[in-house]
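What the coordinates show
For reference, the chains in residue letters:
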Amino acid sequence: MTGSDDDLHRARLGPRLRRRSLLGLAAAGGLGGLMPPALPLAAAVPGEVSARTFRITMVLGRGESDNEAGFKDYLARRGLKVDYTIRDTGGDPARLPGIVEEIRDTRPDLVYSFGTPQTRGIVGPFDDADPRRHITDIPVVFTFVAAPVDAKIVPDLDRPGRNVTGTIHIAPIAVQLNTIQAYRPIRRLGIVYNPQERNSILTIEGLRAESALRGLELVEEPVPLNGRGEPIAAAVPETLARVAARGAEVLYIGPDTFIAFHNRSVVATEALRLRLPTFSATELIVRTDKAMLALASSAYGIGRFTGFKAAQILIDGIDPADIPVETLKRFSVIINMATVRALEYYPPIGLLNFAEIIES
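Now for a description of the structure that goes with this document. (Residues numbered from 1 in each chain as written. Predicted model: local features only at pLDDT ≥ 70, side-chain atom pairs only at ≥ 80, totals over all residues. Heavy atoms only, no water.)

Remark: helix α4 (residues 66–77) packs on helix α13 (residues 299–314), axes separated minimally by 6 Å, with the N-to-C direction vectors making an angle of 45°. Between α4 and α13, the angle is such that the two are oblique. Crossing angle aside, the handedness with which α4 passes α13 is right-handed. Contacts between α4 and α13 pair Asp66, Asn67, Ala69, Gly70, Phe71, Asp73, Tyr74, Leu75 and Arg77 from the former with Ala299, Tyr300, Ile302, Gly303, Arg304, Thr306, Gly307, Phe308, Ala310 and Ala311 from the latter. Across the contact of α4 with α13, the residue classes tally to ten nonpolar, five polar and four charged. (Axes fitted to C-alpha atoms, helices over the stretch in contact; angles between N-to-C directions. Helix = DSSP H or I, 4+ residues; strand = E, 2+ residues; numbered from the N terminus. Parallel < 35°, antiparallel > 145°, perpendicular 65-115°, else oblique. Left-handed = near helix turned anticlockwise from the far one by under 90°. Contact = heavy atoms within 4.5 Å. Nonpolar A, V, L, I, M, F, W, Y, C, P; charged D, E, K, R; others polar.)

Below, the structure is given as structure tokens:
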């Protein structure tokens, strides 16, 4: 493996995690098809890179995280000098028009966008983008967007065809359900979700289709909304209780900012109190709030892979329209053993052989 190939390999995996190969489960039919060859990493031209300071505007929705740390670290390791401007919506879409106007005025070399709401607000839908309201002539690299085609951010993953490319942070739903059923066969899968969040609606649609193919019953409970159409955080425990009462055997926690981020502590605590095992499509709630199981890539690794996309634009001069939107294609099964023991819901030995085990 060359130095450049090794750098991309680390970008895909993330140095902060102890990784174990998923090949064992893939061979058993559980997670097959997730191991394509590594992408080549173009070599930087030192003179060209060091001679210029690039300007990148980062548009966030919930503050800086390991994802942004990975992105910055990757570009720094490639030798780029970067002047970062950080703008955070705090989850309020009303702030996006002002941020878009600032981007148009300052014209950075690249825009980094975290999450579906921020990205859609910046670039607009691919079939109705308006140069007066959206960024259509500056490269945009997004991250933590679960379904960029369904969200109309790009029309095609292999060739975005516009000024936008980026990374997807979750495994395909079929592979997630493979992981749940490799842990223990179930008949009813529960989900509590924010009906106002597009990622959640797209996830529900995907889960319905995949559950029907497997003969699973999907136990759905949307969080109630207040008079302003916002999900009511105080109603989350009651909503979880309804899922448990309807016989859900595992609670699915999808890429839902309201559930998996803003209310993750309540969700994990209440699920444990209800003795409801939890599976998450992202890692944070397992690592910090004792959800039981996840199939996820590290946020740091996703950030580094997003940095690789940015470097293709800034260093190699590739048009984002021609840069594929991709996942890391390497995921870890993460198991919180403290929660496993509390629930007495033990995984098979075969899964433990390659899972990352958390003891807290």
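Text resumes after the structure shown.
Attention now moves to unusual backbone geometry. Backbone geometry places Arg107, a non-glycine residue, at a positive phi of 45°. Tracing the chain through its elements places Arg107 in the loop between α5 (96–106) and β3 (110–114). Taking the relative accessible area as the measure of exposure, Arg107 reaches 41% and is therefore partly exposed. One non-glycine residue, Arg275, lies in the positive phi region at around 55°. By the secondary structure assignment, Arg275 is in the loop between α11 (264–273) and β9 (278–280). Take Arg275: its relative accessible area is 46%, and that puts it in the partly exposed class. (Buried < 20%, exposed > 50% of the residue type's maximum accessible area, 1.4 Å probe, protein only.)

Looking now at the side chain of Gln118. Looking at the secondary structure, you find Gln118 in helix α6 (residues 116–123). Gln118 sits in the buried class, given a relative accessible area of 6%. Only 2.6 Å separates the side chain of Gln118 from the backbone oxygen of Phe114, close enough to count as a polar contact. Look past the residues within four positions of Gln118 in its chain and what remains in contact with it is Val59, Leu60, Gly61, Thr89, Leu96 and Ser113. (Polar contact = N/O pair within 3.5 Å; in protein donor to acceptor, adjacent residues only side chain to side chain.)

Taken across its five residues, strand β5 (residues 164–168) has five buried, putting it largely inside the fold. One ladder, built from two bridges, connects β5 with strand β11 (residues 326–327); its direction is parallel. The partner of Ile168 across the bridge, within β11, is Thr327. (Pairing = 2+ DSSP bridges.)

What follows concerns the nonpolar core. The nonpolar side chains of a soluble globular protein tend to be buried, and buried together. Counting 54 residues, the largest nonpolar core has Ile122, Leu189 and Ile335 as its most contacted members. With five residues, helix α7 (residues 173–183) is the single largest residue contributor to this core. The contact partners of Ile335, leaving out residues within four places of it in the chain, are Tyr183, Met292, Leu293, Val340, Pro347, Leu351, Leu352, Ala355, Glu356, Ile357 and Ile358. Core analysis: the next-biggest nonpolar cluster, separate from the first, contains 24 residues, Met58, Ala299, Ile302 and Ala311 among them. (Core = buried A, V, L, I, M, F, W, Y, C linked by side-chain atoms within 4.5 Å.)

The next point concerns the pattern of salt bridges. For the coordinates displayed, the defined rule picks out 23 salt bridges. We note a salt bridge from Arg228 to Glu230, for which the minimum N-O separation is 3.0 Å. Classification of Arg228 by relative accessible area gives exposed; the value is 66%. Since its relative accessible area comes to 36%, Glu230 is described here as partly exposed. (Salt bridge = Lys/Arg side-chain N within 4 Å of Asp/Glu carboxyl O.)

Let's shift gears to the sheet that holds strand β10 (residues 293–296). Read from one edge to the other, the open sheet built from seven strands follows the order β7-β6-β8-β9-β10-β12-β13, with strand pairing classed as mixed. With one partner strand each, in any of the chains shown, β7 (217–222) and β13 (356–358) form the two edges of the open sheet. Geometrically, the sheet is characterised by an average inter-axis angle of 25° between neighbouring strands, direction not taken into account. Pairing of strand β6 (residues 188–193) with strand β8 (residues 250–253), which is carried by three bridges, proceeds in the parallel orientation. If you follow Gly190 over to β8, its bridge partner there is Leu251. Sitting on the sheet, α7 touches β6, β8, β9, β10 and β12 (332–336), and the angle it makes with β10 is about 145°. Packed on one face of the sheet, helix α9 (residues 236–245) meets β6, β7 and β8 and runs near 160° to β7.

Further remarks concern the sheet that holds strand β2 (residues 81–88). Strand order in the open sheet made by the six strands is β2-β1-β3-β4-β5-β11, with parallel pairing throughout. The open sheet has two edge strands, β2 and β11, and neither has a second partner. Sitting on the sheet, α5 touches β1 (53–60), β2 and β3, and the angle it makes with β1 is about 170°. The strands touched by α6 are β1, β3, β4 (140–143) and β5; relative to β3, the strand with the most contacts, the crossing angle is about 145°.

One pass over the structure, following the stated rule, counts five aromatic pairs. Consider the rings of Phe305 and Phe308, whose centres lie 5.8 Å apart with planes at 5°: the pair is stacked. Of the two residues, Phe305 and Phe308 both sit in helix α13, three residues apart, roughly one turn of that helix. Like Phe308, Phe305 is buried. Above the plane of the ring of Phe261 lies Arg62, whose end atom (NZ or CZ) is 4.2 Å from the centre. A cation over a ring is seen here: Arg184 above Tyr345, with NZ or CZ 3.9 Å from the ring centre. (Phe/Tyr/Trp six-rings, centres within 6.5 Å; stacked < 30°, edge-to-face > 60°. Lys NZ or Arg CZ within 6 Å of the ring centre and 35° of its normal.)

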